[in-house]
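Single-letter residue listing:
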Amino acid sequence: MSSDSVFAYAKDILTLGSLYHGFHDAIREGDGDRVIIYWKVLLCIFKVSNHRNYSKEAFLLLLQLQTCSPRMVEQIKWGRFVNRTGRVGCNVPCDLAMEHLNRRVKTVLHHLGSNIRDSSIIRAAKSVGIVDSVCVAFEASLDVTKDSGLHSVSDDNKDFQLMLDQLEEKKVFKEQRGRRYDQFCRSRTLLEEVDLSQVEQWIEGMLTNVNLHRHPLADMDGEDDTTVDTQL
């Protein structure tokens, strides 16, 4: 534990930044097991930072992995990604892929002009998968260069070095007991504030509010597995 608020904040930045990049790397690689590990860490962070809705979402995800059938558990782990390029490390979350399809639907509806109707919207939405496949194949046959979707990155070496020099000058990563500013009011990092006994107590309280026999994913594939391990 440190009484240096600036030092604690610096450690939080490094910890959360590493967690963020590791989580998104696991998504890009389509590594379902590693994603679940990150969700367990995120549950503790959401809980200690009072993000109640995010905590509940993390809890429900981990609960599904303990209560659903083995087949459904594998679907939850590995059905979270889409790779539309076939290249290694190019997976995207399913919700992001759906946003891309929504953009295709909006393009189709835009070209309808004044002919847009409820029926045409429904028809466009139902056919979006086929339309998107045809468009992708057509663009590939014409050798159309497609934007990767990644933001261009400018050369920031000069700014990065300037920032490092300032951090070194202020001794941000060296503990100085009693250092405290209004902008840095935390005396401990988020992980240091995590009380595992309180997290376990909260999980047990959440479990009492769950009717396992009516769990929405418990019987979707015809199997019933309602055994719960409280050590999520």
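First, a word on scope: everything that follows refers to the structure included in this document. (Residues numbered from 1 in each chain as written. Predicted model: local features only at pLDDT ≥ 70, side-chain atom pairs only at ≥ 80, totals over all residues. Heavy atoms only, no water.)

1. Observations concerning the packing of aromatic side chains
Then step 1. Tallied over the full model, the rule gives 4 aromatic pairs.
Then step 2. Aromatic pair phenylalanine 23 and tyrosine 38: ring centres 6.1 Å apart, planes at 80 degrees, arrangement edge-to-face. With phenylalanine 23 in helix H1 (residues 5–29) and tyrosine 38 in helix H2 (residues 32–48), this pair connects stretches of sequence that are 15 residues apart.
Then step 3. Judged by its relative accessible area of 16%, phenylalanine 23 is buried.
Then step 4. Looking at tyrosine 38, the relative accessible area reads 18%, which means it is buried.
Then step 5. Plain terms: the ring middles of phenylalanine 46 and tyrosine 54 are 5.3 Å apart, the flat faces sit at 45 degrees to each other, and that makes the pair tilted.
Then step 6. With a relative accessible area of 16%, phenylalanine 46 lands in the buried category.
Then step 7. Joined through ring pairs, the aromatic side chains of Phe23, Tyr38 and Trp39 make up one cluster. (Phe/Tyr/Trp six-rings, centres within 6.5 Å; stacked < 30°, edge-to-face > 60°. Helix = DSSP H or I, 4+ residues; strand = E, 2+ residues; numbered from the N terminus. Buried < 20%, exposed > 50% of the residue type's maximum accessible area, 1.4 Å probe, protein only.)

2. Observations concerning helix H3 (residues 52–67)
Then step 1. Here H3 contains 16 residues, and its C-alpha end-to-end distance of 22 Å stays within 8% of the 22 Å for a straight helix at 1.5 Å per residue.
Then step 2. Listed as buried for H3 are Ser55, Ala58, Phe59, Leu61, Leu62, Leu63, Gln64, Leu65 and Thr67. (Expected span 1.5 Å × (residues − 1).)

3. Regarding the pattern of salt bridges
Then step 1. Per the stated rule, a full pass over the model turns up 9 salt bridges.
Then step 2. Put simply, arginine 179 and aspartate 4 hold a salt bridge, and the shortest N to O gap is 2.8 Å. Taken together, the positions of arginine 179 in the loop between helix H8 (157–170) and helix H9 (190–193) and aspartate 4 in the segment before H1 put the pair 175 residues apart, joining distant regions of the chain. Considered together, arginine 179 and aspartate 4 belong to a single accessibility category, that of buried residues. (Salt bridge = Lys/Arg side-chain N within 4 Å of Asp/Glu carboxyl O.)

4. Here's the deal with the packing of helix H5 (residues 94–112) against helix H6 (residues 118–126)
Then step 1. It is at 10 Å that the axes of H5 and H6 come closest, and there the two elements cross at 145 degrees. The two elements H5 and H6 meet at a crossing, and its hand is right-handed. Taking contact as the criterion, the partners of Val105, Val108, Leu109 and Leu112 in H5 are, on H6, Ser120, Ile121, Ala124 and Ala125. (Axes fitted to C-alpha atoms, helices over the stretch in contact; angles between N-to-C directions. Left-handed = near helix turned anticlockwise from the far one by under 90°. Contact = heavy atoms within 4.5 Å.)

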